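Close look at the chain arrangement
Listed below, chain by chain, are the residues.
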2 protein chains.
Amino acid sequence: MAKISALSGFPEWLPAQRRVEQHVIDVFRHVAELHGFAGIETRAVEPMSQLLRKGEIDKEVYVLRRLHAEEGEDTDPDRTLGLHFDLTVPLARYVLEHQNDLSFPFRRYQIQKVWRGERPQDGRFREFYQADLDIIGQDSLPGHVEAEVAVVMAEILARLPLPGFTIHVNNRRLSEGFFRSIGIQDHEAVLRALDKLPKIGREAVHALLVQDAGVSDQQADACLGFAAISSADGSFAQAVRDLGGSGELMEQGIAELTAVLERVQAAVPGAIVADLSIARGLDYYTGTVFETFVEGHASLGSVCSGGRYDRLAADNRHTYPGVGLSIGLSRLVSRLISADLARATRPVPSAVLVSVTSEETRGSSEAVARALRARGVPTEVAPSAAKLGKQIRVADRRGIPFVWFPAEEGGEHAVRDLRSGEQVPADPASWTPPEEDLTARVVPTA
Amino acid sequence: MAKISALSGFPEWLPAQRRVEQHVIDVFRHVAELHGFAGIETRAVEPMSQLLRKGEIDKEVYVLRRLHAEEGEDTDPDRTLGLHFDLTVPLARYVLEHQNDLSFPFRRYQIQKVWRGERPQDGRFREFYQADLDIIGQDSLPGHVEAEVAVVMAEILARLPLPGFTIHVNNRRLSEGFFRSIGIQDHEAVLRALDKLPKIGREAVHALLVQDAGVSDQQADACLGFAAISSADGSFAQAVRDLGGSGELMEQGIAELTAVLERVQAAVPGAIVADLSIARGLDYYTGTVFETFVEGHASLGSVCSGGRYDRLAADNRHTYPGVGLSIGLSRLVSRLISADLARATRPVPSAVLVSVTSEETRGSSEAVARALRARGVPTEVAPSAAKLGKQIRVADRRGIPFVWFPAEEGGEHAVRDLRSGEQVPADPASWTPPEEDLTARVVPTA
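Counting starts from 1 at the beginning of each chain's written sequence and moves along it residue by residue. Think of it this way: whatever chain is written first is A, whatever ligand is written first is 1, and the rest follow in order. It should be noted that, the model being predicted, local features are given only for residues of pLDDT at least 70 and side-chain atom pairs only at 80 or more, the latter also being counted only at that level, while totals for whole chains, interfaces and linings use all residues. Calculation of side-chain values draws on the structure's entire complement of heavy atoms; hydrogens and water are dropped beforehand.

Describing the packing of aromatic side chains
- Centres within 6.5 Å make a pair out of two Phe, Tyr or Trp rings, where for Trp the six-membered ring is used; the pair is then stacked when the planes are under 30 degrees apart, edge-to-face when over 60, and tilted otherwise. The full count for this structure, using the stated rule, is 23 aromatic pairs over all chains.
- Measuring from ring centre to ring centre gives 4.5 Å for B:Phe178 and B:Phe226, while their planes differ by 15 degrees; the resulting arrangement is stacked. Of this pair, B:Phe178 sits in helix α5 (residues 172-181) while B:Phe226 sits in helix α8 (residues 217-227), and the two are 48 residues apart along the sequence.
- Take B:Phe178: its relative accessible area is 0%, and that puts it in the buried class.
- Residue exposure (1.4 Å probe, protein chains only): buried if accessible area is under 20% of the type maximum, exposed if over 50%, otherwise partly exposed. Look at B:Phe226 and you get buried, because its relative accessible area is 0%.
- The structure contains a cluster of three or more aromatic residues connected by ring pairs, namely A:Tyr94, A:Phe104, A:Phe106 and A:Tyr320.
- For A:Arg107, the ring lying beneath its charged end belongs to A:Phe37, and the centroid distance is 4.6 Å.
- Here B:Arg419 stacks its cationic end above the ring of B:Phe402, 5.4 Å away from the centre of that ring. Only DSSP runs of H or I reaching four residues or more are called helices, and only runs of E reaching two or more are called strands; each is numbered from the N terminus. Consider the ring centre and the ring normal. A charge sits over the ring if Lys NZ or Arg CZ is within 6 Å of that centre and within 35 degrees of that normal.

Looking at the sheet that holds strand β18 (residues 423-425) of chain A
Residues and elements named next belong to chain A.
- For two strands to be treated as a pair, DSSP must find at least two bridges joining them. As summarised here, the arrangement of the five strands in space is β15-β14-β16-β17-β18, forming an open sheet in which the pairing is mixed. Two strands bound the open sheet, and with one partner strand each, they are β15 (379-381) and β18. Adjacent strand axes in the sheet meet at a mean angle of 25 degrees when their direction is disregarded.
- Relative to strand β17 (residues 414-417), strand β16 (residues 402-405) runs antiparallel, the two being bridged by four bridges. From the neighbouring strand, phenylalanine 402 faces β17, where its bridge partner is aspartate 417. Only the stretch in contact is used when a helix axis is fitted, and all axes are lines through C-alpha atoms; the angle between N-to-C directions ranges over 0 to 180 degrees.

Here we look at the interface of chain A and chain B
- Residues are treated as being in contact if the distance between any of their heavy atoms lies within 4.5 Å. Between chain A and chain B, the contact holds 96 residues from the first and 96 residues from the second.
- Taking both sides of the interface into account, the surface hidden between chain A and chain B amounts to around 8300 Å²; carbon and sulfur atoms contribute 53%.
- Area buried by chain A at its contact with chain B is led by A:Glu12, A:Glu41 and A:Arg66, which between them contribute 8% of it.
- By salt bridge we mean one thing: a side-chain nitrogen of Lys or Arg within 4 Å of a carboxyl oxygen of Asp or Glu. For the pair chain A and chain B, the number of links is 16 salt bridges.
- Between B:Arg18 and A:Glu41 there is a salt bridge; the shortest N-O distance is 3.3 Å.
- Polar contact is the term for a pair of N or O atoms within 3.5 Å; when the atoms are in protein, one must be able to donate a hydrogen and the other to accept it, and sequence-neighboring residues count only if both atoms are side-chain atoms. The interface formed by chain A and chain B contains 44 residue pairs in polar contact (both at pLDDT 80 or more).
- Partitioned by chemical class, the residues of the side of chain A that touches chain B number 43 nonpolar, 17 polar and 36 charged.
- Judged from the five bridges that link them, strand β3 (residues 62-66) of chain A and strand β3 (residues 62-66) of chain B form a sheet pairing that is antiparallel. Following the sheet pairing, A:Val63 is matched in β3(B) by B:Arg65. Here the quantity called buried area is the accessible surface, traced with a 1.4 Å probe, that two parts lose on coming together, added over both. Following the grouping adopted for this structure description, the nonpolar residues are Ala, Val, Leu, Ile, Met, Phe, Trp, Tyr, Cys and Pro, the charged ones are Asp, Glu, Lys and Arg, and the polar ones are all others, Gly among them.

Remarks on the sheet that holds strand β15 (residues 379-381) of chain B
All names here are of chain B.
- With mixed pairing, the five strands of this open sheet are ordered in space as β15-β14-β16-β17-β18. The open sheet has two edge strands with one neighbour each: β15 and β18 (423-425). Averaged over all neighbouring strand pairs, the angle between strand axes comes to 25 degrees, with direction disregarded.
- Contacts between helix α12 (residues 362-374) and the sheet are confined to β14 (352-354), β15 and β16 (402-405), with β15 contributing the most and set at about 175 degrees to the helix.

Here we look at the side chain of B:Gln219
Residues and elements named next belong to chain B.
- Note on placement: glutamine 219 falls in helix α8.
- Glutamine 219 gets classed as buried once you look at its relative accessible area, which sits at 18%.
- At 2.9 Å, the side chain of glutamine 219 and the backbone nitrogen of serine 216 are in polar contact.
- Not counting chain neighbours up to four residues away, the residues in contact with glutamine 219 comprise Ile182, Gly183 and Ile184.

Side note on the domain arrangement of chain A
All names here are of chain A.
- Throughout the structure description, domain borders are defined by an automatic or database domain assignment. What the domain assignment lists for chain A is domain 1 (15-171 + 261-343) and domain 2 (352-444).
- If you average the C-alpha positions of domain 1 and of domain 2, the two centres end up 43 Å apart.
- Taken together, the contact between domain 1 and domain 2 spans seven residues of the former and six residues of the latter.
- When the two sides are added together, the surface that domain 1 and domain 2 hide from each other amounts to roughly 510 Å², 61% of it contributed by carbon and sulfur.
- In this assembly, domain 1 and domain 2 are joined by zero salt bridges.
- At the junction of domain 1 and domain 2, the tally comes to two residue pairs in polar contact (both at pLDDT 80 or more).

What about the UniProt feature "binding site: L-histidine" (unreviewed entry) in chain A?
Residues and elements named next belong to chain A.
- UniProt positions are given in the numbering used here, feature names are shortened, and annotations may be inferred rather than shown by experiment. UniProt records the feature "binding site: L-histidine" (unreviewed entry) for Asp86, Leu87, Thr88, Arg116, Gln130, Asp134, Arg280, Tyr284 and Tyr285 in the present numbering.
- Tracing the backbone shows leucine 87 in the loop between β4 (81-83) and α3 (88-97).
- On the accessibility criterion, leucine 87 (0% relative accessible area) is buried.
- The contact partners of leucine 87, leaving out residues within four places of it in the chain, are Arg108, Gln110, Gln112, Val114, Gln130 and Asp132.

Description of the pattern of salt bridges
- Inspection of every chain in the model, using the stated rule, returns 54 salt bridges over all chains.
- For B:Glu118, the salt bridge goes to B:Arg124, with nearest N and O atoms at 3.1 Å.
- The residue B:Arg180 makes a salt bridge to B:Glu176 at a minimum N-O spacing of 2.8 Å. Remark: B:Glu176 and B:Arg180 occur in helix α5; sequence separation between them is four residues, near one turn of the helix.
- Each of A:Glu12, B:Arg43, B:Glu46, B:Arg93 and B:Glu97 takes part in one network of salt bridges that share partners.

Some remarks on the relation of the copies chain A and chain B
- When the copies are superposed, the least-squares fit takes in the C-alpha atoms of residues with a pLDDT of at least 70 in both. In screw terms, the move from chain A to chain B is a rotation of 180 degrees and a rise of 0.0 Å along the axis, fitting with an RMSD of 0.0 Å. Here the transformation between the copies is reduced to the relation of a two-fold axis. Taking C-alpha positions as reference, the residue of chain A nearest the rotation axis is A:Leu64, located at 2.4 Å.
- Of the interface residues in chain A, 100% have counterparts in chain B that sit at the interface too, so the contact is made through matching surfaces.

Concerning the environment of A:Leu64
- With respect to the helices and strands, the residue A:Leu64 is situated in strand β3.
- C-alpha separation for the pair A:Leu64 and A:Pro47, spaced 17 residues apart in sequence, amounts to 9.8 Å.
- Not counting the four nearest positions on each side in its chain, A:Leu64 is found in contact with A:Val45, A:Thr80, A:Leu81, A:Gly82, A:Leu83, B:Tyr62, B:Val63, B:Leu64 and B:Leu83.

Here's the deal with the pairing of strand β12 (residues 319-327) of chain A
All names here are of chain A.
- Within β12, eight of the nine residues are buried, which leaves the element mostly enclosed by the surrounding structure.
- Alignment of strand β6 (residues 127-136) against β12, held across six bridges, turns out to be antiparallel. Following the sheet pairing, aspartate 134 is matched in β12 by glycine 324.
- Pairing geometry for strand β11 (residues 304-314) and β12, over eight bridges, is antiparallel. Bridge pairing in β12 links alanine 313 to tyrosine 320.

Encoded structure:
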């Protein structure tokens with residue numbers, strides 16, 4: 001038999017841990033659907049020619065080969081397939097492929113595994129869940145949807161067992177407008193440098209700004225001053241102007257950022273701050289950009305990021321702008337588990353184990369189980385007619401809170417709460433456990 | 001830009017179709033949890049040495065290669081990874097790897113995509129969902145669990161929008177006991193031949209039996225007579241004895257099969273028949289075997305199959321017997337959609353579109369949406385403050401049944417049912433849609 005072992009970078013959960021992951025997925029789905037987002041899934045593979053658009057051959061893609069591949073299947077980049085490394089490339093393709101069958105603005109969420117051939121020694125996952133949510137317009141998309149995805153993000157995170165979180169929001173027009181108005185040409189180089197602030201600190205970024213972005217010492221100071229601005233209300237605007245920023249583009253950015261702040265504060269008070277250090281590495285954002293941090297877990301980095309982009313995809317008829325967010329779900333779940341922030345109340349869904357007096361009367365125990373399940377109570381029947389003490393230990397070991405003792409001739413049914421030891425008469429046609437015991441729930445660890 | 005096109009063998013659904021798939025997944029999960037099964041997921045990849053155990057190099061496996069693979073990563077079968085082609089090989093590995101952390105009997109369900117490099121011209125999927133449910137014992141597993149998985153199977157299928165279904169059940173001991181008692185040595189060759197009955201018919205199977213299994217004409221007739229036996233109650237037993245079968249092994253098989261029939265009939269009347277033609281191709285079944293057919297869709301083949309096996313996995317300490325079933329979920333969903341057996345009531349979850357009078361009052365519309373969502377009503381706000389007729393058409397196109405008109409100063413809120421045209425005053429703090437309109441449901445097509 002081949003070696004049995006864990007594979008570095010491919011996380012796998014025990015049942016109680018999987019319950020935590022499933023809970024996060026369920027919350028994401030529930031909130032997304034409350035906001036009218038439809039779920040889709042895309043195939044796990046895309047042609048390599050799609051995955052490596054713009055010739056980004058540095059991408060850590062897993063390439064597929066059929067064990068019994070035909071001649072040429074392996075070398076033609078339109079026929080060679082790779083596993084998707086995010087859900088954005090597939091969404092762009094899905095929207096173009098199905099544009100005639102979708103209604104726009106297209107509101108979709110998507111929760112799927114993605115794969116990246118990262119070096120495992122970096123402690124990164126090679127297989128992980130990503131949970132994305134986007135609103136895609138055809139040719140145009142109103143600005144107010146930028147606040148909308150932030151609200152959904154806040155509502156999802158507020159329902160998760162996290163110690164607290166804050167969405168940090170900035171606006172690309174505001175940044176670009178500010179940098180231009182103080183005489184900087186290469187604003188993208190400035191953004192790339194500022195993006196490194198949390199990792200390398202102010203001094204190193206200052207050096208980068210001068211060397212790579214070609215700005216003066218004074219401009220670099222202004223950029224760092226800009227990135228230090230943060231406020232939960234609209235006061236960031238005056239701070240930017242005080243730093244010497246001005247101009248139409250910057251004022252447009254200020255107006256957009258103020259609107260996002262106000263809308264999100266109205267929906268989920270305290271969830272968001274304007275933070276002008278937020279840059280987002282990717283070039284393709286054009287307006288609002290978000291990052292989200294969990295209180296006391298700065299080392300996690302941003303758990304939920306996104307923003308506005310003007311061109312998800314395009315063909316010779318249409319351009320598709322959008323706004324979206326993405327949660328690195330496996331990373332978040334992994335932290336919930338490793339830092340013991342949340343736990344399943346038990347590893348199995350069962351609320352009740354029905355005991356079995358003898359194999360001859362197993363049918364009566366099964367009838368009790370059927371009656372309980374008919375009212376939505378997860379129930380299993382003892383695997384063997386062992387001594388009652390042993391059956392109770394089976395329930396205990398599985399974390400099942402109640403053991404049912406079927407009526408013996410003329411007698412009454414009874415149910416015992418294993419935690420309190422209390423045993424009461426009960427009718428299988430009407431008894432239900434307390435709501436909080438109905439199934440395995442995921443709760444913050446006290 | 002690279003070519004945008006569907007990939008043969010990689011099904012992908014539009015939002016309303018995905019809703020059907022999600023519904024089937026939800027039903028499977030709900031029923032499995034009612035019966036105390038815990039959900040797990042395994043990584044999508046296994047070492048090639050695991051996937052090709054017993055040297056089955058004919059398996060249509062997708063092999064993975066990192067675009068930036070290191071020397072040797074590609075050639076060592078313990079380091080080379082492939083995508084799993086079923087959920088049984090990963091389960092065997094998971095049980096061995098985590099045996100110290102699981103409690104046995106281990107009741108797990110698992111719903112994941114699997115990949116097979118099948119020839120697409122056969123109309124087979126290369127990527128599809130499989131939904132599995134197994135009970136795994138450590139060293140031993142009582143026989144009554146064989147009926148238990150059939151009950152779960154029946155309850156899942158009964159809740160799906162199918163025209164009707166029947167579980168066909170047989171028992172390997174019964175078959176083997178019968179074949180031996182009429183003097184046949186190679187009972188596995190007989191089972192392989194009988195497995196082909198639905199495809200090639202009685203005459204061709206008769207020829208196969210004589211040529212490949214080396215049985216006499218008379219024995220072949222008896223085998224075909226045996227395979228023709230079918231009954232919804234225990235009467236199959238006498239029919240087998242009448243054909244000349246006898247012996248301890250056969251009688252054990254009869255007793256087991258009778259017990260499964262009775263237990264399943266007690267739980268889900270009419271769901272199961274004994275059908276002695278059921279052979280199941282795989283060698284590893286050792287007791288009860290199941291196949292399931294949908295009324296009027298014989299061409300689908302078995303939509304849900306499984307059975308008892310004595311050795312899922314083993315190491316030098318333990319052997320793991322089990323019983324399980326597997327639904328070819330994508331195939332089933334594909335048929336539900338292509339034969340128009342079921343439909344989503346609408347493609348989006350939203351029950352309500354809140355109209356927007358002007359961009360200045362969008363905040364009021366958002367407040368209405370928040371109030372509705374707080375009571376679990378999926379709601380979206382109109383994307384633009386267009387003329388009301390246009391906003392209503394947006395709702396109509398998306399299949400949203402209700403449009404909300406926020407109160408204008410001093411006035412009342414109103415909600416219109418777009419299907420009846422009826423418009424009534426409504427309070428955002430208390431109005432709820434009828435239960436059946438709350439979200440997109442999946443219903444049988446009338």
